[in-house]
Amino acid sequence: MLSFLRKRWFLVGLLIAIGGGLPLGFALPAGQLEQLRSRIGASQTGYVVAFVLFLMSFSLDGRKLRASLVAPAPVLWAVAINQAVIPLIAWPMSWIQGNDDFRLGLMIAATVPCTMAAASVWTRKAGGNDAVSLLVTVVTNGLCFIITPLWLQSFAAVELSGVVASVNLDTWRMVQRLIQSALIPIVLGQLARLIPALARGADRYKTPMGVWAQGAILLLVFGAACGAGPQLASGSGYEGGVQAIAVVWISCIVLHLAGMLIAVRGASAIGFSEDDRRAIAFAGSQKTLPIGVLLATDPQLFGSSGLPFAVFPMLMFHGSQLFIDTAVADRMADSAGDVRESSVVATERGS
């Protein structure tokens, strides 16, 4: 049990944050709830997300990016899957969702960039080329302030025309928020690594910084769950029941697996190496949680009572991809081990 908790503590934390935040928000009076959310930083989502992304960027070794810049084709393919193919698949899937919160939430999950750390972690675990996953991370996060707002504004204008008036989906404001909370912290994190002493410290304390970042994300998730509690208490803002939850969760899983399958099959058809294909599988299909939570919960974008349940598809997508990609990475690692063993045996027989 202790071993499981050490490896999967973040997933357990997600379950506790959501499972504890919803009933707490349901039960607490409005004044006490707002005070609680203010203390944990839920009312300052942008600053918390900026802190998380700075830590993640600061812990990324930018020197490995140069190797992928020499031959960028695998990176470009993974970026295309992550930022174009997955949103295109998600759009028609949004039509079957039970309410507008989940429809927009699914599109938020589909259009945010690649994870800042998990893609590289899983790529290394699977024996892939982590330089590719690192560069996909930098490119998609660096362009998210342009690509994500364009996707969401296009989707909202066509599919959510009935609620756009009550949901302040302002493209320029979204761009500003992403520049402030995503692009600038990412750039500052990499600039800080140019100072040798700071870079050595970042490499030395990479694991603690990852824990701090994930802990901050859990606080955001807990705050978002608390904020949705009053909507459950009033019976407003949510439609569809358990069936709607099941549909959107299955949609998130299908979306992630479809992105991974298209990424790998396309990479194989193009002729990329096995190491590159493994990196593309994760970098092309994974989505980052901090930016998704920022967009789905920021009152400056959607209003204090706009779409309170839009954050849940992002949580479902992220939690599901962690479980799925752990199994995929283990299988790839086993496959790589079998290939290496076969190669050694063949070499010994030949000699």
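Look above for the structure.
Residues numbered from 1 in each chain as written. Predicted model: local features only at pLDDT ≥ 70, side-chain atom pairs only at ≥ 80, totals over all residues. Heavy atoms only, no water.

To continue, consider the environment of Asp 276. Relative to the helices and strands, Asp 276 is located in helix 13 (residues 274-283). Overall, the relative accessible area of 13% leaves Asp 276 in the buried class. Along the backbone, Asp 276 and Val 132 are 144 residues apart, and their C-alpha atoms lie at a distance of 6.9 Å. Beyond its immediate stretch of four places on either side in the chain, Asp 276 contacts Pro 74, Asn 129 and Val 132. (Helix = DSSP H or I, 4+ residues; strand = E, 2+ residues; numbered from the N terminus. Buried < 20%, exposed > 50% of the residue type's maximum accessible area, 1.4 Å probe, protein only. Contact = heavy atoms within 4.5 Å.)

With that settled, the discussion passes to the environment of Gly 21. Along the polypeptide, Gly 21 turns up in helix 1 (residues 2-27). You can call Gly 21 buried: its relative accessible area is 0%. Separated by 200 residues in the primary sequence, Gly 21 and Val 221 have C-alpha atoms spaced 8.4 Å apart. Among all residues touching Gly 21, those that are not within four sequence positions of it are Ile 16, Phe 222, Ala 225 and Cys 226.

Another point: the packing of helix 6 (residues 100-111) against helix 12 (residues 241-270). Packing of helix 6 against helix 12 brings their axes to within 11 Å, and their N-to-C directions diverge by 20°. Judged by the angle between their axes, helix 6 and helix 12 are roughly parallel. Of the two elements, helix 6 crosses helix 12, and the hand of that crossing is right-handed. Each of Phe 102, Leu 106 and Ala 110 in helix 6 lies in contact with helix 12, whose residues at this interface are Ala 244, Ile 245, Val 248, Ser 251, Cys 252 and Leu 255. Broken down by class, the residue content of the contact of helix 6 with helix 12 amounts to eight nonpolar, one polar and no charged. (Axes fitted to C-alpha atoms, helices over the stretch in contact; angles between N-to-C directions. Parallel < 35°, antiparallel > 145°, perpendicular 65-115°, else oblique. Left-handed = near helix turned anticlockwise from the far one by under 90°. Nonpolar A, V, L, I, M, F, W, Y, C, P; charged D, E, K, R; others polar.)

Bringing the packing of aromatic side chains into the picture now. Applying the stated rule across the entire model yields four aromatic pairs. With a centroid separation of 6.3 Å and an interplanar angle of 70°, the aromatic rings of Trp 91 and Trp 151 are classed as edge-to-face. Taken together, the positions of Trp 91 in helix 5 (residues 73-94) and Trp 151 in helix 8 (residues 130-159) put the pair 60 residues apart, joining distant regions of the chain. Residue classification places Trp 91 among the buried positions, given a relative accessible area of 16%. Among the residues examined, Trp 151 registers a relative accessible area of 17% and is labelled buried. (Phe/Tyr/Trp six-rings, centres within 6.5 Å; stacked < 30°, edge-to-face > 60°.)

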